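This is what each chain is made of:
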Amino acid sequence: MSIVDMPASLDSEFVSTASNFERLREIDPEIYLLTCREVIRQSQYIRLIPSENYTSAAVMQAMATPFCNKYSEGYPGKRYYEGNEIVDAVENLCRQRACSLFGADHANVQPNSGSPANMAAYYALMKPGDRVLGMHLPSGGHLTHGWNVNFSGILYQTAFYGYNQEQGVTGMDPETGMLDYEEIRRIALKFKPNVIFAGGTAYPRIWDFQRFRQIADEVDAYLVADIAHINGLILGGVHPDPVPYADVVTSTSHKAIRGPRGGFILCKNRPMKDDPATSLPDRIDKAVFPTLQGGPHNNTIAALAVCFAEAATQEFKSYAQQIVANAKVLSEALIAKGWHLVTGGTDNHLILVDVMRSKKIPGKPFAKALYDAGLETNFNSVPNDPRKPFSPSGLRIGTPAVTSRGFGEEQMRQIADWMERTATACKKEGKEYHFDPAAIAKIRAEVIELCTDPRFPVPGISI
Ligand code: DSN
């Protein structure tokens, strides 16, 4: 069902466990109706975007609290506005929970998202014009790891690890797609970065943070681990922990860890190299406020504290383990059907499928056809992609959200089957890719049946 096909009035069908939105319905029926539609959309599509998830009802409720009304520039105990004694308690609780959960010396929970968290790491550790080594964006990195259209590539000198023959990017095995740590070391020795970023958005394998630490030490660089994608897996013990190795750890809070849309930074309590009288926590805090941000979003911080409490439970650890188990089953089911996966599989929550190589279909029309069938994914570049980033060869899928719904191995095999049937429904005519509408409609009906199965509710939302 597309948004235009949804009924005009959804009043009787819509119930959210977080809120019934009664006042919203009264004051702004248009936004209320769109909210209802989004609830239905989120419930009736299978969310396979690896960076998306569902928050719990408790996290959503914390976001809709009066903490959204308060200005609190500064940090607990040092604010520029009166009336922050309760906000201080919330932020302290959130910071303490972050430190205890990840075993970190210091936490800053104010970044509005992952990019501001990374920006704060740059400001704390470097001066404009200094050198950063990060993962090449089209090989699986992130914009903020030095890409030329981003502040990180505009203000700093950059070098990359990854694989692109034309651009001369190395540091990834061209055959296997695995990171080549010896080559990354060689790049670092030549480039002499001030900061090395370890982390990405489309690398389906383990990050060897200990190896990155050794490389950073050899060139006297700070090491930043960007764990946005794998935060929950680290807590579940299914991905190595960077905290013992990285000077700074940055993250979003809304991916596998299932928090509100936001960010956080963890760091060691160590002196700065350029000024031993200044500590790293002090530099990080000053970079977030006042350098980059003003008033923190206190309702988000309250929700993040709730997310950290939930992530400390045994239930969350089991959830994180199931994310990886599901991704492995899904990748094996795709491989069994002849799909080509970058690196040949996955160790984590995400799978990078080379759709062009597997089925001679570019990632973009395939992602669109999957969405028509009810499977929400995103097209993505693959390492050394011969196609352009806006119509690349690959498709990125992941299991955090479907695992939150309670999907298991049977549903993973079903998803692989739907992907195969969608590809089979494709016919190329000239330069266009057409998908048989009857075949797609049949899959859509099966997807809706699974999504409305009472065994698989969307956390925080029920219809
Ligand atoms: N936009 C995020 C992702 O989808 O991976 C990265 O920040």
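Just so you know, these numbers come straight off a predicted model, no measurement behind them.

1. Focus: the overall build of the chain
Then step 1. Helix and strand counts for the chain come out as 17 helices and 16 strands.
Then step 2. Computed over C-alpha atoms, the radius of gyration of the chain comes to 23 Å, within 12% of the 23 Å expected from 2.2 N^0.38 for 463 residues, which places it in the range of a compact globule.
Then step 3. The principal-axis extent of the C-alpha atoms belonging to the chain is close to 70 × 55 × 40 Å.
Then step 4. A buried classification covers 57% of the 463 residues belonging to the chain.
Then step 5. Taking contacts inside the chain between residues at least 6 apart in sequence as the whole, the part at least 24 apart equals 69%.
Then step 6. Accessible surface, the chain: about 19,400 Å² in total, of which carbon and sulfur atoms supply 53%.

2. Concerning the site of the ligand
Then step 1. Surveying the vicinity of the ligand reveals the residues S51, H142, T201, H229, K255 and R396.
Then step 2. A distance of 2.7 Å is found between an oxygen atom of the ligand and a side-chain nitrogen or oxygen belonging to S51.
Then step 3. Taking H142, its side chain carries an N or O atom lying 3.1 Å from an oxygen atom of the ligand.
Then step 4. In isolation the ligand offers 230 Å² of accessible surface; the protein chains occlude 65% of this area.
Then step 5. Taken together, the residues that form the shell around the ligand break down as no nonpolar, four polar and two charged.

3. Things to note about the nonpolar core
Then step 1. Ranked by internal contacts, the top residues of the largest apolar core, which has 59 residues, are L179, I196, W207, F212 and F308.
Then step 2. When residues no more than four places from it in sequence are discounted, the contact partners of L179 are M135, Y161, G171, M172, I184, Y203, W207 and F212.
Then step 3. Judged by nonpolar contacts, the second largest core, of 38 residues, contains L375, I397, M419 and C451.

4. Observations regarding the sheet that holds strand β4 (residues 106-108)
Then step 1. Pairing is mixed across the open sheet formed by seven strands, whose spatial order is β4-β10-β9-β8-β7-β5-β6. Across the chains shown, the open sheet's two edge strands, defined by having one partner strand only, are β4 and β6 (157-161). Adjacent strand axes in the sheet meet at a mean angle of 20 degrees, parallel and antiparallel pairs treated alike.
Then step 2. As judged from the five bridges shared by strand β5 (residues 131-135) and β6, these two strands associate in the parallel manner. Residue pairing for β6: G134 is matched across the bridge by F160.
Then step 3. Its contacts with the sheet place helix α4 (residues 85-102) against β4 and β10 (263-267), and it is angled at close to 130 degrees to β4.

5. Comments concerning the side chain of S404
Then step 1. Tracing the chain through its elements places S404 in helix α15 (residues 400-404).
Then step 2. Of the residues examined, S404 reaches a relative accessible area of 12% and is grouped as buried.
Then step 3. Setting aside anything within four residues of it in sequence, one finds S404 in contact with N53, Y54, R258, Y319 and P459.

6. A look at the pattern of salt bridges
Then step 1. Taken as a whole and assessed by the stated rule, the structure comprises 27 salt bridges.
Then step 2. Across the salt bridge formed by E38 and R41, the nearest N and O atoms sit 2.8 Å from each other. With E38 and R41 both in helix α2 (residues 29-44), this residue pair falls three residues apart, about one helical turn.
Then step 3. For E38, a relative accessible area of 31% corresponds to the partly exposed category.
Then step 4. Among the charged side chains, a salt-bridge network with shared partners connects E38, R41, R47, E52 and E376.

7. Some thoughts on the pairing of strand β11 (residues 350-354)
Then step 1. Summarising burial for β11: five of the five residues are buried, a large majority.
Then step 2. Looking at chain direction, β11 and strand β14 (residues 394-398) are connected through five bridges and run antiparallel. Within β14, the residue paired with V353 across the bridge is L395.

8. What to know about the packing of aromatic side chains
Then step 1. Counted according to the given criterion, the structure contains 18 aromatic pairs.
Then step 2. An angle of 90 degrees between the planes, with centres 5.3 Å apart, marks the rings of F264 and F308 as edge-to-face. A residue pair is termed long-range when its members are at least 10 positions apart, and F264 in strand β10 and F308 in helix α11 (residues 298-311) qualify at 44 residues. The exposure classification of F264 matches that of F308, with both residues buried.
Then step 3. Arranged with centres 4.9 Å apart and planes meeting at 80 degrees, the rings of F407 and F456 form a pair that is edge-to-face. You can see F407 sitting in the loop between α15 and α16 (409-424) and its partner F456 sitting in the segment after α17 (437-451), a full 49 residues away along the chain. Residues F407 and F456 agree in their burial class; the two are buried.
Then step 4. Cluster of aromatic residues (ring-pair linked, three or more members): Y161, Y181, Y203, W207 and F212.
Then step 5. Its end group placed over the ring of Y222, K273 keeps NZ or CZ at 4.1 Å from the ring centre.
Then step 6. Geometry around Y45 places R444 over its ring, the cationic atom sitting 4.1 Å from the centre.

Rules of the game
Residues numbered from 1 in each chain as written. Predicted model: local features only at pLDDT ≥ 70, side-chain atom pairs only at ≥ 80, totals over all residues. Heavy atoms only, no water. Helix = DSSP H or I, 4+ residues; strand = E, 2+ residues; numbered from the N terminus. Rg over C-alpha atoms; globule rule 2.2 N^0.38 Å. Buried < 20%, exposed > 50% of the residue type's maximum accessible area, 1.4 Å probe, protein only. Contact = heavy atoms within 4.5 Å. Areas by Shrake-Rupley, 256 points an atom, 1.4 Å probe, with all protein chains shown as cover. Near = heavy atom within 4 Å. Polar contact = N/O pair within 3.5 Å; in protein donor to acceptor, adjacent residues only side chain to side chain. Nonpolar A, V, L, I, M, F, W, Y, C, P; charged D, E, K, R; others polar. Core = buried A, V, L, I, M, F, W, Y, C linked by side-chain atoms within 4.5 Å. Pairing = 2+ DSSP bridges. Axes fitted to C-alpha atoms, helices over the stretch in contact; angles between N-to-C directions. Salt bridge = Lys/Arg side-chain N within 4 Å of Asp/Glu carboxyl O. Phe/Tyr/Trp six-rings, centres within 6.5 Å; stacked < 30°, edge-to-face > 60°. Lys NZ or Arg CZ within 6 Å of the ring centre and 35° of its normal.

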